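Fold and geometry: a report
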Amino acid sequence: YTNDWNTLSNWGCNLLPTATTNVTIPTNPDGGFFPIVSTNNLALCKNLQLNASSSVTINAGRDLNVYGDILNNGSPNWGNGKLSFNGNVLQYFNGASIQNVNHLLMNNSKTGNAVKLNVDLQIDSALEFSAGRLSLNGKNLTLGTNTTDGLVIGAGINKHLNAESGFFICHTNQNNTYSLPLGDS
């Protein structure tokens, strides 16, 4: 066993997860390794569940593509890479505590809300829209940090935030924080 997401022997059937594979990361995985997305190979799954005390780390320059829902009861820190919501049905981002992602890509072709937050979310560097609306669903989304500006990339018609009683908090290059309610669509 290794911690590399793309090592066949790490997965139950010696097959890498696909866009239709539900993945559960247990509290005590075989071999004691939690997955790290660290290679150029495509890392993907359908639904992703992290059990208590487990983790998935996405290294810088790497992507984890999720085609279903996320339920994270483990480590809320996803690493320095890109977490991508891909799909064509409503997806949910659930967690036991505030989730921390470096770069979030919305790439869901569903009409209307494509991804709904059921947990507060901290995005350190970039919120990128290729397709789909991100519904805050009454939760808070913080973009950027006290030392790093957050970027919104590619937002436009049918690919944007939908507040639904949530708040968008954006750090500016003057290191000021503003809490802005967004209108529902």
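Below, the structure is looked at part by part.

Reading the values: the criteria
Residues numbered from 1 in each chain as written. Predicted model: local features only at pLDDT ≥ 70, side-chain atom pairs only at ≥ 80, totals over all residues. Heavy atoms only, no water. Phe/Tyr/Trp six-rings, centres within 6.5 Å; stacked < 30°, edge-to-face > 60°. Helix = DSSP H or I, 4+ residues; strand = E, 2+ residues; numbered from the N terminus. Pairing = 2+ DSSP bridges. Core = buried A, V, L, I, M, F, W, Y, C linked by side-chain atoms within 4.5 Å. Buried < 20%, exposed > 50% of the residue type's maximum accessible area, 1.4 Å probe, protein only. Contact = heavy atoms within 4.5 Å. 1 Å grid on protein atoms, 1.4 Å probe; cavity = no way out; pocket = protein on both sides within 12 Å on 5 of 7 lines; lining within 4 Å. Points joined across faces, edges and corners; volume = space filled by probe spheres on them. Nonpolar A, V, L, I, M, F, W, Y, C, P; charged D, E, K, R; others polar. Salt bridge = Lys/Arg side-chain N within 4 Å of Asp/Glu carboxyl O.

**Some thoughts on the packing of aromatic side chains**
Overall, the coordinates contain 3 aromatic pairs when judged by the stated rule. Arranged with centres 6.2 Å apart and planes meeting at 80°, the rings of W78 and F93 form a pair that is edge-to-face. Within this pair, whereas W78 is found in the loop between strand 7 (70-72) and strand 8 (82-87), its partner F93 is found in strand 9 (residues 91-95), the two being separated by 15 residues in sequence. A ring pair is formed by F85 and F93, whose centres lie 5.5 Å apart and whose planes are at 55°; its orientation type is tilted.

**What about the sheet that holds strand 7?**
The strand order across the open sheet formed by 7 strands is 1-4-7-9-11-13-16, and the pairing between neighbours is parallel. Each edge of the open sheet carries a strand with a single partner, namely strand 1 (23-25) and strand 16 (161-162). Pairing of strand 4 (residues 48-50) with strand 7 involves 3 bridges; the strand directions are parallel. Note on strand 7: the bridge partner recorded for Q49 is L71.

**Let's talk about the nonpolar core**
Core analysis: the largest hydrophobic core is formed by 36 residues, its most contacted members being W5, L48, L64, W78, L83, F93 and L134. Among the elements that line this core, the one with the most residues is strand 12 (residues 121-131), at 4 residues. In this structure, L64 is in contact with W5, V37, A43, L44, L48, V56, I58, W78, K82, L83 and S84, ignoring residues within four places of it in sequence.

**Topic: the layout of surface pockets**
Its boundaries defined by the atoms lining it, the largest pocket holds a volume of some 400 Å³. Contributing to the lining of the largest pocket are 23 residues, with N10, W11, G12, T24 and P26 lying nearest its centre. Tallied by class, residues from the lining of the largest pocket come to 13 nonpolar, 8 polar and 2 charged.

**Quick word on the pairing of strand 11 (residues 113-117)**
Burial of strand 11 is extensive: 5 of the 5 residues sit out of reach of the surface. Relative to strand 11, strand 9 is paired through 3 bridges, and the arrangement is parallel. Among the inter-strand pairings, Q91 is bridged to a residue of strand 11, identified as V115. With 3 bridges joining them, strand 11 and strand 13 (residues 133-135) adopt parallel strand pairing.

**Digging into the pattern of salt bridges**
Going through the model one piece at a time under the given rule, you end up with 2 salt bridges. For E128, the salt bridge is made with K82, and the minimal N-O distance between the two is 3.8 Å. With a gap of 46 residues between them, E128 in strand 12 and K82 in strand 8 connect regions that are remote in the sequence. For E164, the salt bridge is made with K116, and the minimal N-O distance between the two is 3.9 Å. Placement of E164 in the loop between strand 16 and strand 17 (167-171) and of K116 in strand 11 is noted, with a sequence separation of 48 residues between them.

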